[in-house]
Amino acid sequence: MNTTNHPQLHPVFERIVAAFAHAPVQAAQINRRTYESFLKMHHWDYALSNDPDERAAGASVYAMLHALQPQVDPLAEMWNFYAPKRYQFEITKQ
């Protein structure tokens, strides 16, 4: 007997509802993987390129990385792992 006030859901719908409950966790994992993937492939010296398209693309990726960093990598550990020394964050421990 169903003791809740809600009707029994079909198993397919139960899985969908359960997936929505995990959506924030999955979104965070996707953001983290995306962030790390872009850190790995980022052309850090894009600003030195003679190609204006490469400079524009590099600037876009750099801006996206900076936007994601505070929420995905608040201590900049991944950033500092992948970035060349001159682009790393200086982290002060309190």
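Figured I'd write up the structure that's included with this text. (Residues numbered from 1 in each chain as written. Predicted model: local features only at pLDDT ≥ 70, side-chain atom pairs only at ≥ 80, totals over all residues. Heavy atoms only, no water.)

Here we look at a nonpolar patch on the surface
Together, L9, V12, F13, I16 and V17 make up a nonpolar patch on the protein surface, roughly 420 Å² of accessible area in all. Locating L9 in the fold gives a position in the segment before α1 (11-41). (Patch = residues over 30% accessible without salt bridge, like charges linked within 9 Å, V, L, I, M, F, W, Y side chains within 5 Å. Areas by Shrake-Rupley, 256 points an atom, 1.4 Å probe, with all protein chains shown as cover. Salt bridge = Lys/Arg side-chain N within 4 Å of Asp/Glu carboxyl O. Helix = DSSP H or I, 4+ residues; strand = E, 2+ residues; numbered from the N terminus.)

Some remarks on the nonpolar core
Within the largest apolar cluster, eleven residues are counted, these being Y35, L39, W44, V61, L65, L68, V72, A76, M78, W79 and A83. Counting residues per element, the ones that place at least two in this core are α1, α2 (52-72) and α3 (77-82). In terms of residue count, α2 provides more of this core than any other element does, four residues in total. Contact partners of L65, with chain neighbours within four places excluded, come to Y35, F38, L39, H42 and W79. (Core = buried A, V, L, I, M, F, W, Y, C linked by side-chain atoms within 4.5 Å. Buried < 20%, exposed > 50% of the residue type's maximum accessible area, 1.4 Å probe, protein only. Contact = heavy atoms within 4.5 Å.)

Let's talk about the environment of N31
Relative to the helices and strands, N31 resides in helix α1. With 41 residues separating them in the primary sequence, N31 and V72 have C-alpha atoms 6.9 Å apart. Here N31 is in contact with L68, Q71 and V72, once residues within four sequence places are set aside.

Some points on the environment of F89
Along the chain, the position of F89 falls in the segment after α3. With a relative accessible area of 28%, F89 lands in the partly exposed category. For F89 and W79, which are ten residues apart along the polypeptide, the C-alpha to C-alpha distance reads 7.7 Å. Sequence-distant contacts of F89, defined by excluding residues within four places in its chain, comprise H66, Q69, A76, W79 and N80.

What about α2?
Under the 1.5 Å per step criterion, the end-to-end length of α2 is 29 Å for 21 residues, consistent within 8% with the ideal 30 Å. Taken together, the buried positions of α2 are occupied by G58, V61, L65, L68, Q69 and V72. Two or three places before D53, at the start of α2, stands the capping residue D51, its side-chain oxygen 2.9 Å from that residue's backbone nitrogen. (Expected span 1.5 Å × (residues − 1). Polar contact = N/O pair within 3.5 Å; in protein donor to acceptor, adjacent residues only side chain to side chain.)

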